[in-house]
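Single-letter residue listing:
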Amino acid sequence: MGDTPRLVATDIDGTLIRDDHTISPRTADMLARLTARDTPVVLVTGRPVRWLQLVYDQLAEPLPAVCANGAVVYDPVRDEVLRADPLAPQHLAEVAERLRAEVPGIRFAVEIMDSRQMRHETDYPLRWDVDPDGIRPVETPEELLSLPAVKLLARAGEQDPDAFVALVGAAVAGLAEATHSSSSGLVEISAAGVTKAAGLDWYCDRLGMSAADVLAFGDMPNDVPMLSWAGRGVAVANAHPAVLAVADEVTGTNSEDGVAAYLEKVFGVE
């Protein structure tokens, strides 16, 4: 990659936003500066589309987003999903069958309608989601798995995240992708080949750009494919060891505005 990237891609949680879930004025200003100079900025996140407005409210203007760990590419200006790559119902059913056989007490939720809605088993523990319009329990396992899902979420009580994702990943190998971005044992499952890198690659190709043009930031295992793929992958200092291991460089923590500080240096902003 040359000195000046042509596109900036950044994870949101734990990377761009601070631990209090806010975007600092410094960070928002830096992203606005990049947009003003026609350098595209893309948010690349595990978040569903319905969680993006909380971020957009803190920015000068909404930014395109690769959501659901690469399964959804979203244009916020038109409120349009440009691409979705969900797990088909038959694959959902097979993944669930394998995991129920492997993990006692496992519980599932699904992100459907391009991640605008969520359905969950009645005893699936909801940690953050409060959205009576978009989130509903289902009566039967069959109903849960009846629609294409851009993400299948799995919990089995409190688990070591790295050990649990390894167990799930082995069980679904060849059928789906498993990753995590939490400290509470939540595993996120996508269709085979769907990663943040794959979703971002599709978007960059649409702009006539390649991996070599991209500067990417991240902090959790679901960011590893993107940082490995990008011309320059930068970890925030608070990143998971797996991310630090693949990063080309490390910047300050999310609460220190590490992304903004790195961008100021690269783009010569005082």
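Right above here is the structure, for reference.
Calculation notes
- Residues numbered from 1 in each chain as written.
- Predicted model: local features only at pLDDT ≥ 70, side-chain atom pairs only at ≥ 80, totals over all residues.
- Heavy atoms only, no water.
- Core = buried A, V, L, I, M, F, W, Y, C linked by side-chain atoms within 4.5 Å.
- Buried < 20%, exposed > 50% of the residue type's maximum accessible area, 1.4 Å probe, protein only.
- Helix = DSSP H or I, 4+ residues; strand = E, 2+ residues; numbered from the N terminus.
- Contact = heavy atoms within 4.5 Å.
- Expected span 1.5 Å × (residues − 1).
- Arc of directions from axis to C-beta.
- Pairing = 2+ DSSP bridges.
- Axes fitted to C-alpha atoms, helices over the stretch in contact; angles between N-to-C directions.
- Salt bridge = Lys/Arg side-chain N within 4 Å of Asp/Glu carboxyl O.

S.K.: Outline the nonpolar core, supporting the account with residue identities and numerical values.
M.R.: Ranked by internal contacts, the top residues of the largest apolar core, which has 84 residues, are Leu-99, Ile-189, Leu-200 and Leu-263. For this core, the leading source of residues is helix 9 (residues 258-267), giving six residues. In contact with Leu-99, not counting residues within four places along its chain, are Ile-106, Phe-108, Val-168, Ala-171, Val-172 and Ile-189. Tyr-124, Ile-135, Leu-153 and Leu-186 belong to the second-largest nonpolar core, a separate cluster that totals six residues.

S.K.: Go over helix 1 (residues 25-36) with me, naming the residues and quoting the values.
M.R.: Between its terminal C-alpha atoms helix 1 stretches 16 Å, which fits the 16 Å expected from twelve residues at 1.5 Å a residue. Buried within helix 1 are the following residues: Thr-27, Ala-28, Met-30, Leu-31 and Leu-34. Projection of helix 1 onto a plane perpendicular to its axis shows the buried side chains occupying an angular sector of 160°, all on one side. Counted as exposed and oriented over 90 degrees from the buried face of helix 1: Pro-25 and Ala-36. Where helix 1 is buried, its residues meet strand 1 (7-10), strand 2 (41-44) and helix 9. Positive backbone phi, at 65°, marks Asp-38, one or two positions downstream of helix 1.

S.K.: Report on the environment of Val-236, specifying residues and quantitative values.
M.R.: Note that Val-236 resides in strand 13 (residues 232-236). Under the relative-accessibility criterion, Val-236 is labelled buried at 0%. When the C-alpha atoms of Val-236 and Ser-255 are compared, they prove to be 9.6 Å apart, with 19 residues separating the residues in sequence. Discounting residues that sit within four places of it in the chain, Val-236 has contacts with Gly-14, Thr-15, Gly-218, Asp-219, Leu-244, Val-250, Thr-251, Gly-252, Thr-253, Asn-254 and Val-259.

S.K.: Please give an account of the sheet that holds strand 2 that cites residues and values.
M.R.: Ordered by their spatial adjacency, eight strands build an open sheet running 5-4-3-2-1-12-13-14, and the pairing between neighbours is mixed. The outermost strands of the open sheet, each flanked by one partner alone, are strand 5 (80-84) and strand 14 (249-251). Recorded for the sheet is a direction-independent mean angle of 25° between the axes of neighbouring strands. Here strand 3 (residues 65-67) pairs with strand 4 (residues 72-75) via three bridges, running antiparallel. Within strand 4, the residue paired with Cys-67 across the bridge is Val-72.

S.K.: Explain the pattern of salt bridges residue by residue, including any values.
M.R.: Within the structure shown, the criterion is met by 14 salt bridges. A salt bridge links Arg-83 to Asp-85, with the nearest nitrogen and oxygen atoms 3.8 Å apart. By relative accessible area, which is 24% here, Arg-83 ends up partly exposed. With a relative accessible area of 27%, Asp-85 lands in the partly exposed category. The partner of Asp-123 in a salt bridge is Arg-107, and the shortest N-O contact between them spans 2.6 Å. Residue Asp-123 is located in the loop between strand 7 (117-121) and strand 8 (135-138), and its partner Arg-107 is located in strand 6 (residues 107-112); the two are separated by 16 residues in the primary sequence. A residue is classified by how much of its surface remains accessible, and Asp-123, at 44% relative accessible area, is partly exposed.

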